[in-house]
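So the chains spell out like this:
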Amino acid sequence: MTTHNESELGNEEPRPSISPEYIQLVINHQSSLYAFIQTLVPGDSSIDDILQETNITLCAKEANFEKGSNFRAFAFSIARFKVLSHLRDKKRHQWLLADSDLCEELMENMMQAPASQAPAQDHLRRCLNKLTDHQRQLMEKRYREGYTLRELSKINKRTEGSLQQLFHRLRNLLRDCIEKSMATKSS
Amino acid sequence: MNTRLHHLIEQHLTGKLTPSGEKELQKLLSESSENRDIFCTQGLIDGRLRWEMKNSLSGLPTVEMHQRQPAIKKWMAVAALLILVLIAGSIIRTQFGTSEPQAGNKTAHSIPANLPVRTVARLTSEKEANWLFGGSQQTLSSGFWFKPGEWRITHGAATITLDSGAKITAVAPACVELINSNHARLIDGTVSVDVPEPAIGFTLDTPAGRIVDLSTRFGVSVEKDQHEEVHVLEGEVIVHYGDDHQQSQLIGDKSSIQLNTSGSSSKLSPAPFRPESYPREIEFAPTAQSAGQDFGFVHWSFDAVDETNSFAAQGTLKGADSCLAQVVTPQENQSRNTTKGAFGDALHLNGDGTWLKTNFPGIAGAKARTIAFWVRIPPSARNSQAYSIIGWGYSDPHHSPQKWEIGWNTARFPVRGTGVKGAVRTDFGSGHTIGSTDLRDGRWHHVVSVFTGGEHADAATHIRHYVDGRFEGVSAYRQQAIDTETDTEKSIPAVIGKYLHPGDQLFKTFHGSIDELYVFDTALTPSQILRLKQTNTPPAQEELLPTPET
């Protein structure tokens, strides 16, 4: 009797034997993975799908992860593979991933960055509260409500270029705040 | 300050980098580690901001909530991960729903346990058919919704129509396993299969092989002695066979083959063509039970506007003819509201405050319904102009809405990234089902929203969409039991082109053209939907199937 190919039917199931510690690692790194994937394929409507695929593979590959080693590096390399596979399926070119040397250097850089560490999201939330009302409103409009720079420039009567610089500075401000906050906590 | 680098990074982060910009940014990043630092910082913080805003809006558990739990138990951890996957993924289902919420689906990231099972097919006609359930013989009336699983017919004959539109006609004795909306398995017996163009790719597995349809009609028999035959009555199919079905052969029009199982493999050889051995589709004959049910429709063709600035309605539902759709226009806007449509003229709304009111109360409760229309949405349509094509029901800003509403998905609600932007979206209260085709391309599309109805009906499982006659994949769904309130003081009769929520500031009015809008008080079949698209002809009263409880 023919049996159905499980993956074809979408019936793949995570291994039931995943350890709670490993699952915790996967959970803790969700926002880091999302930020990493978003940096590689910004504006792609499938970012959530790629993250989902990454999670499924991470769950299936627990045995390949050496306890105590760098989980972030392990997870990022799987996410990178998933991004590549997604681009191949969609027959899309991506300049950043096509240049393998540059891609390696950027991956290394992102893995070293404090902003890619798992606790950074908590610190980001605290840092957002330190912004002025106007700065926070701008962030909300752009990142929650999806306003484009062009729309924001009309609302705020500023040029797009000046808003670009403002967001650049705000992200740097948040990066500094996150790093400081993380350093304070660890000391 | 490297303004140019900042500009290019900004373009990259919004997905708007041009090919020449890509080259320039690539060069800047390759030549300086400082530039790479800037790029990575900006990218990571940008991504974290998106994640934060996306999840803090949802009200659902976030990563950090789980992190705070000191001793997370295994099952809780799994649940937490799955919740995360649900938040992140909005669950994209493939076109024919291979990971749909269906019986036996083991997909861990699929559905809450209490979600009703989604049906995949419908009994569209039968002739003295008996079915075997739990050891006893039962009859099923036409219109019955099939869940995934094995269905054994023990007497008579029946035609089962899958949601994709593929029809399987089985003559007793036969056993068919319904796998999903475009995939079945013949366990034993004889069937014929009719596959319309929108369901091309329909797959029928047999013990010895797999038949993939290329828009055709074919017959298959599986005998208990492991002998199988495939007869192509019209068109072509591909038969996969051998070890793990790795071999395949195209079988042409009016030809046939036999498959014989040999161990774990199968062999293919010629067979005499015997088309007469396969049944034709059973014609639907109303039963006493179904004949007693009165179904109908209301239809706005938008072909002519009268002196009161109203569009006429017609149809077979009681009072349909009096359901005029009257144009409501702000004083400052007196622009023309008609345009050339898919059939005759169409309604055109430019999102500037113009909409149509009717006195059609809508379909109430959890009664099945089908809403069909042509729509043309310009690529420039804004999120605030997404609602609605049609809506009705109870909508009080201070209470949970009990309204039925169809528009296009802005991918903002309940969280950013929900479903495919621009796809058809049917909402009920806080529940919804969202399609997968972006309609905002300035072309006419035939769109149908079918609600299968019933006592345990849910917005997540009982709504299907068809776009241009094709069964639409689901890009996101959300649970909500359905009970449309059309008879309260605050219930609003059907409105066309306006968000139903009174006083809402978020949505304005619909921007686009609408033509041949039908509302039926039952669920149409895929072939009726296809015919409506092709000829603008609604099914006759006696062709409308009842929708018995599943």
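Residues numbered from 1 in each chain as written. Chains lettered and ligands numbered in written order. Predicted model: local features only at pLDDT ≥ 70, side-chain atom pairs only at ≥ 80, totals over all residues. Heavy atoms only, no water.

### Examining the overall build of chain B
Here is step 1 of the chain: On a plain count of helices and strands, chain B comes out with seven helices and 31 strands.
Here is step 2 of the chain: Burial statistics for chain B: of 550 residues in total, 57% are counted as buried.
Here is step 3 of the chain: For chain B, long-range pairs separated by at least 24 residues make up 59% of all intrachain contacts whose partners lie at least 6 apart in sequence.
Here is step 4 of the chain: Carbon and sulfur atoms provide 51% of the accessible area of chain B, an area that totals close to 21,500 Å². (Helix = DSSP H or I, 4+ residues; strand = E, 2+ residues; numbered from the N terminus. Buried < 20%, exposed > 50% of the residue type's maximum accessible area, 1.4 Å probe, protein only. Contact = heavy atoms within 4.5 Å. Areas by Shrake-Rupley, 256 points an atom, 1.4 Å probe, with all protein chains shown as cover.)

### Considerations on the overall build of chain A
Here is step 1 of the chain: A count of helices and strands for chain A gives ten helices and zero strands.
Here is step 2 of the chain: Going from N to C terminus, chain A has its helices and strands arranged as α-α-α-α-α-α-α-α-α-α.
Here is step 3 of the chain: With 187 residues in all, chain A has 53% of them scored as buried.
Here is step 4 of the chain: Carbon and sulfur atoms make up 49% of the accessible area of chain A, which amounts to about 9,100 Å² in all.

### Some words on the pairing of strand E19 (residues 345-350) of chain B
All names here are of chain B.
Here is step 1 of the chain: Bridge count between strand E18 (residues 338-340) and E19: three bridges; the pairing is antiparallel. Residue pairing across strands places Thr338 opposite Leu347, the latter belonging to E19.
Here is step 2 of the chain: Where E19 lies against strand E31 (residues 511-520), four bridges are found, and the strand directions are antiparallel. Along E31, the bridge assignment pairs Asn350 with His511. (Pairing = 2+ DSSP bridges.)

### Focus on the packing of aromatic side chains
Here is step 1 of the chain: What the rule picks out here adds up to 23 aromatic pairs over all chains.
Here is step 2 of the chain: When the centroid spacing of 6.1 Å and the interplanar angle of 50° are considered together, the rings of Tyr22 of chain A and Phe65 of chain A count as tilted. With Tyr22 of chain A in helix H1 (residues 20-28) and Phe65 of chain A in the loop between helix H3 (47-60) and helix H4 (71-89), the pair connects residues that are 43 residues apart, well separated along the chain. Neither residue differs from the other here; Tyr22 of chain A and Phe65 of chain A are each classed as buried.
Here is step 3 of the chain: A ring pair is formed by Phe144 of chain B and Trp151 of chain B, whose centres lie 5.8 Å apart and whose planes are at 70°; its orientation type is edge-to-face. (Phe/Tyr/Trp six-rings, centres within 6.5 Å; stacked < 30°, edge-to-face > 60°.)

### A few points about the nonpolar core
Here is step 1 of the chain: Ranked by size, the top nonpolar core spans 70 residues in total, and within it Ile37, Leu58, Met139 and Leu174 of chain A together with Leu25 of chain B carry the most contacts.
Here is step 2 of the chain: Contacts of Leu25 of chain B, omitting those with residues within four sequence positions, involve Trp95 of chain A together with Leu5, Leu8, Ile9, His12, Leu17 and Phe39 of chain B.
Here is step 3 of the chain: Of all hydrophobic cores here, the second largest spans 46 residues; its members include Phe373, Tyr387, Ala459 and Val519 of chain B. (Core = buried A, V, L, I, M, F, W, Y, C linked by side-chain atoms within 4.5 Å.)

### Some remarks on the packing of H4 of chain A against helix H6 (residues 100-112) of chain A
Residue and element names in this part refer to chain A.
Here is step 1 of the chain: Viewed as axis vectors pointing N to C, H4 and H6 meet at an angle of 145°, and their least axial separation amounts to 11 Å. Once H4 is placed against H6, the crossing between them reads as right-handed. Contacts between H4 and H6 involve Arg72, Ala73, Phe76, Ser77 and Arg80 on the former and, on the latter, Ser100, Cys103, Glu104, Met107, Met110 and Met111.
Here is step 2 of the chain: Looking at side-chain class alone, the contact of H4 with H6 contains six nonpolar, two polar and three charged residues. (Axes fitted to C-alpha atoms, helices over the stretch in contact; angles between N-to-C directions. Left-handed = near helix turned anticlockwise from the far one by under 90°. Nonpolar A, V, L, I, M, F, W, Y, C, P; charged D, E, K, R; others polar.)

### A short note on H3 of chain A
All names here are of chain A.
Here is step 1 of the chain: For H3, with 14 residues, the first-to-last C-alpha span of 20 Å sits near the 20 Å given by 1.5 Å per residue.
Here is step 2 of the chain: H3 sits mainly inside the fold: ten of its 14 residues count as buried.
Here is step 3 of the chain: Within H3, the full set of buried residues consists of Ile47, Asp48, Ile50, Leu51, Gln52, Thr54, Asn55, Thr57, Leu58 and Cys59. (Expected span 1.5 Å × (residues − 1).)

### Quick notes on the side chain of Thr461 of chain B
Here is step 1 of the chain: Mapping Thr461 of chain B onto the fold places it in the loop between strand E26 (444-451) and strand E27 (463-467).
Here is step 2 of the chain: The class of Thr461 of chain B is buried, set by a relative accessible area of 1%.

### Brief notes about the pairing of strand E15 (residues 297-305) of chain B
Residues and elements named next belong to chain B.
Here is step 1 of the chain: Pairing analysis gives four bridges linking E15 to E31, with the strands arranged antiparallel. Following the sheet pairing, Phe297 is matched in E31 by Phe520.
Here is step 2 of the chain: Judged from the four bridges that link them, E15 and strand E16 (residues 310-315) form a sheet pairing that is antiparallel. Bridge pairing links Val305 to Phe311 in E16.

### Some thoughts on the state of the cysteines
Put plainly, a disulfide is one covalent bond tying together the sulfur atoms of two cysteines.
Residue and element names in this part refer to chain A.
Here is step 1 of the chain: Tallied over the entire structure, the rule returns one disulfide over all chains.
Here is step 2 of the chain: Bridging Cys127 to Cys177, the disulfide has an S-S length of 2.1 Å. Between Cys127 and Cys177, the disulfide has an S-S torsion of -90° and is therefore left-handed. You can see Cys127 sitting in helix H7 (residues 120-128) and its partner Cys177 sitting in helix H10 (residues 160-186), a full 50 residues away along the chain.
Here is step 3 of the chain: The class of Cys177 is buried, set by a relative accessible area of 17%. (Disulfide = S-S within 2.5 Å.)

### Examining the environment of Val447 of chain B
All names here are of chain B.
Here is step 1 of the chain: Among the secondary structure elements, Val447 is positioned in strand E26.
Here is step 2 of the chain: A relative accessible area of 1% means that Val447 is categorised as buried.
Here is step 3 of the chain: Here Val447 is in contact with Ile371, Ala372, Phe373, Val375, Val424, Leu439 and Tyr466, once residues within four sequence places are set aside.

### Here we look at H7 of chain A
Here is step 1 of the chain: Where burial is concerned, most of H7 of chain A is hidden: seven out of the nine residues are buried.
Here is step 2 of the chain: For H7 of chain A, every residue scored as buried is listed here: Ala120, Gln121, Asp122, His123, Leu124, Cys127 and Leu128 of chain A.

### What to know about unusual backbone geometry
Residue and element names in this part refer to chain B.
Here is step 1 of the chain: For the bond running from Ala172 to Pro173, omega is -5°, close enough to zero to count as cis.
Here is step 2 of the chain: Residue placement: Pro173 occurs in strand E5 (residues 167-180).
Here is step 3 of the chain: Residue Ser388 is reached from Tyr387 by a cis peptide bond, and omega for that bond is -20°.
Here is step 4 of the chain: Checked against the element boundaries, Ser388 lands in the loop between strand E21 (369-376) and strand E22 (390-394).

### Section: the pattern of salt bridges
Here is step 1 of the chain: In this structure the tally under the stated criterion is 28 salt bridges over all chains.
Here is step 2 of the chain: Close ionic contact of Glu52 of chain B with Arg125 of chain A constitutes a salt bridge, the shortest N to O distance being 2.6 Å. Of the two residues, Glu52 of chain B is situated in helix H3 (residues 33-56) and Arg125 of chain A in helix H7; the pairing between them involves two chains.
Here is step 3 of the chain: Note that Lys167 of chain B and Glu281 of chain B form a salt bridge whose closest N and O atoms lie 3.1 Å from each other. With Lys167 of chain B in strand E5 and Glu281 of chain B in the loop between strand E14 (265-270) and helix H6 (288-291), this residue pair connects regions lying 114 residues apart in the sequence.
Here is step 4 of the chain: The partly exposed category is assigned to Glu281 of chain B, whose relative accessible area is 37%. (Salt bridge = Lys/Arg side-chain N within 4 Å of Asp/Glu carboxyl O.)

### A short note on the environment of Pro493 of chain B
Residues and elements named next belong to chain B.
Here is step 1 of the chain: Position of Pro493 relative to the elements: it lies in strand E30 (residues 491-496).
Here is step 2 of the chain: Its relative accessible area of 32% is what places Pro493 among the partly exposed residues.
Here is step 3 of the chain: With 99 residues separating them along the chain, Pro493 and Tyr394 place their C-alpha atoms 9.0 Å apart.
Here is step 4 of the chain: Excluding its chain neighbours within four sequence positions, the residues that come into contact with Pro493 are Thr358, Asn359, Phe360, Pro361, Gly391 and Trp392.

### A word on the environment of Asn70 of chain A
Residues and elements named next belong to chain A.
Here is step 1 of the chain: Its place among the elements puts Asn70 in the loop between H3 and H4.
Here is step 2 of the chain: The exposure class of Asn70 is partly exposed, given its relative accessible area of 42%.
Here is step 3 of the chain: For the pair formed by Asn70 and Met111, sequence separation is 41 residues and the distance between their alpha carbons is 9.6 Å.
Here is step 4 of the chain: Among the polar contacts made by the side chain of Asn70, one reaches the main-chain amide nitrogen of Ala73 at a distance of 3.1 Å. (Polar contact = N/O pair within 3.5 Å; in protein donor to acceptor, adjacent residues only side chain to side chain.)

### Structural notes on the confidence of the model for chain B
Residue and element names in this part refer to chain B.
Here is step 1 of the chain: Confidence in the prediction of chain B, expressed as mean pLDDT, is 83, and 83% of residues score 70 or more.
Here is step 2 of the chain: Mean pLDDT across the elements of chain B ranges from a minimum in helix H4 (residues 63-67), with 25, to a maximum in E21, with 98.
Here is step 3 of the chain: Within the model, the stretch residues 57-114 combines pLDDT values under 50 with 144 contacts to residues more than four positions away or in other chains.
Here is step 4 of the chain: Among the prediction metrics, the complex's ipTM stands at 0.88, with pTM recorded as 0.63. (pLDDT = per-residue confidence, 0-100.)

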